[in-house]
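Coordinate analysis (summary)
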Amino acid sequence: MNKLVWQQDYRHGNSDLSAWNIRIGNDLLDADGNPVMPGWGNGELQYYTGNAANLYIDEQGLHLCARREIVEQDGRRFHYTSARIDTKDHMSFCYGKLIVRAKLPVGQGMWPAIWLLPQDQAYGPWPASGEIDIMEARGRLPQIVAGTLHYGKDWQDKVTDEHPYTLPQGTINSFHDYALEWTERSIRWLVDGHCYAESTMQPGMPFDRPFYLVLNLAVGGFYDPVPVDDSCLPATMTIAGIWLYQ
């Protein structure tokens, strides 16, 4: 895992989003792009846009910004906007070390995430083909992050293998390197080079196919079902750079 095969260095000249899909709306979509569940399947409150107020790049990095903003769409009203991007059909990988240097927002109701989804649902729809969460955080608990695996043959038999970690110093609101080391034998989660958790691969686990990267900043949702603190908005998730080694 020592050869750099893909990078996005937003502080040193990378000023475009050509490697990313910009997702719009509030609905979880099926493989054909049809809405199947509101709230992205998680009870999320935000409407994702590609607007410059929600998604932009400057000398500090790539920013995903959640705002208090009314959007009316298809007879529904949303009180928040934010951003979600992914590399589906642009960059996916199976095995390697992925590092994402990120600064995350604090505040009740903020849900930043760095995660992976299967490029091809070879084992069936979610959760059968798996999900790898490199980092999730609850904005009201700014010293804690978590890495998680989701898998199982269907919703009723879903396995959630979650590993919370308390930052030894500082909070999510400063830059940290969130990393995943993924091999045929195990998946390891690291923060600033420290491995805090490891899951050993077992027969039947779906983590042997290419996955693509997702970055998003949700507002509300089932991960931390508490009222949103509007006073913390606008709230910004900043990505300084991304590096994939194999």
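For the structure given in this document, a descriptive report is provided here. (Residues numbered from 1 in each chain as written. Predicted model: local features only at pLDDT ≥ 70, side-chain atom pairs only at ≥ 80, totals over all residues. Heavy atoms only, no water.)

**Some points on the nonpolar core**
Which entries qualify depends on this criterion: In this text, buried Ala, Val, Leu, Ile, Met, Phe, Trp, Tyr and Cys residues form a nonpolar core when linked through side-chain atoms within 4.5 Å. Each residue gets one of three labels from its accessible area relative to the maximum for its type: buried under 20%, exposed over 50%, partly exposed in between, using a 1.4 Å probe on protein chains only. Two residues form a contact once any of their heavy atoms are found within 4.5 Å.
One finds Ile114, Leu116, Tyr178, Phe207, Leu213 and Leu215 to be the most contacted residues of the largest nonpolar core, which totals 54 residues. Residues contacting Ile114, with those up to four places away along its chain left out, are Val100, Ala102, Asp133, Ile134, Met135, Tyr178, Leu213, Val214, Leu215 and Met237. Among the nonpolar cores identified, the runner-up in size contains six residues, and Trp40, Trp111, Ala146 and Ala218 belong to it.

**Structural notes on the packing of aromatic side chains**
Put simply, the test is: The pairing test for Phe, Tyr and Trp rings, Trp by its six-membered ring, is centres within 6.5 Å, and the orientation test on the planes gives stacked under 30 degrees, edge-to-face over 60, and tilted for anything in between. We count a stretch as a helix when DSSP gives it H or I for four or more residues in a row; a strand needs E for two or more, and each element gets its number in order from the N terminus. Here, over-ring charges are defined by two tests on the NZ atom of lysine or the CZ atom of arginine: distance to the ring centre within 6 Å, and angle to the ring normal within 35 degrees.
The final tally for this structure, using the stated rule, is 11 aromatic pairs. On the basis of an interplanar angle of 70° and a centroid distance of 5.4 Å, the ring pair of Phe93 and Trp182 is categorised as edge-to-face. Taken together, the residues Phe93 in strand E10 (residues 92-93) and Trp182 in strand E16 (residues 176-182) connect sequence positions 89 residues apart. There is no split in this pair, since Phe93 and Trp182 are both buried. Where Phe207 meets Phe211, the ring centres are 6.0 Å apart and the plane angle is 35°; that geometry is what we call tilted. Side by side, Phe207 and Phe211 carry an identical accessibility label, which is buried. The cationic tip of Arg11 hangs over the ring face of Phe175; the distance from NZ or CZ to the ring centre is 4.4 Å. A cation over a ring is seen here: Arg68 above Tyr80, with NZ or CZ 5.3 Å from the ring centre.

**Here's the deal with the environment of Phe175**
Within the secondary structure, Phe175 sits in the loop between strand E15 (159-166) and E16. Phe175 has contacts with Arg11, Gln60, Arg101, Ala102, Lys103, Thr238 and Ala240, leaving out every residue within four places of it along the chain.

**A word on the pattern of salt bridges**
Put simply, the rule reads: Put simply, a salt bridge is a Lys or Arg side-chain nitrogen that is within 4 Å of an Asp or Glu carboxyl oxygen.
Scanning the model with the defined rule gives eight salt bridges in all. Between Arg23 and Asp86 there is a salt bridge whose closest N-O contact spans 2.6 Å. Taken together, the positions of Arg23 in the loop between strand E2 (21-22) and strand E3 (27-29) and Asp86 in strand E9 (residues 84-86) put the pair 63 residues apart, joining distant regions of the chain. For Arg23, a relative accessible area of 28% corresponds to the partly exposed category. In this structure, Asp177 and Arg101 form a salt bridge, with 2.6 Å as the shortest nitrogen-oxygen distance. With Asp177 in strand E16 and Arg101 in strand E11 (residues 96-103), the pair connects residues that are 76 residues apart, well separated along the chain.

As far as function goes, none of this settles anything; it's purely spatial.
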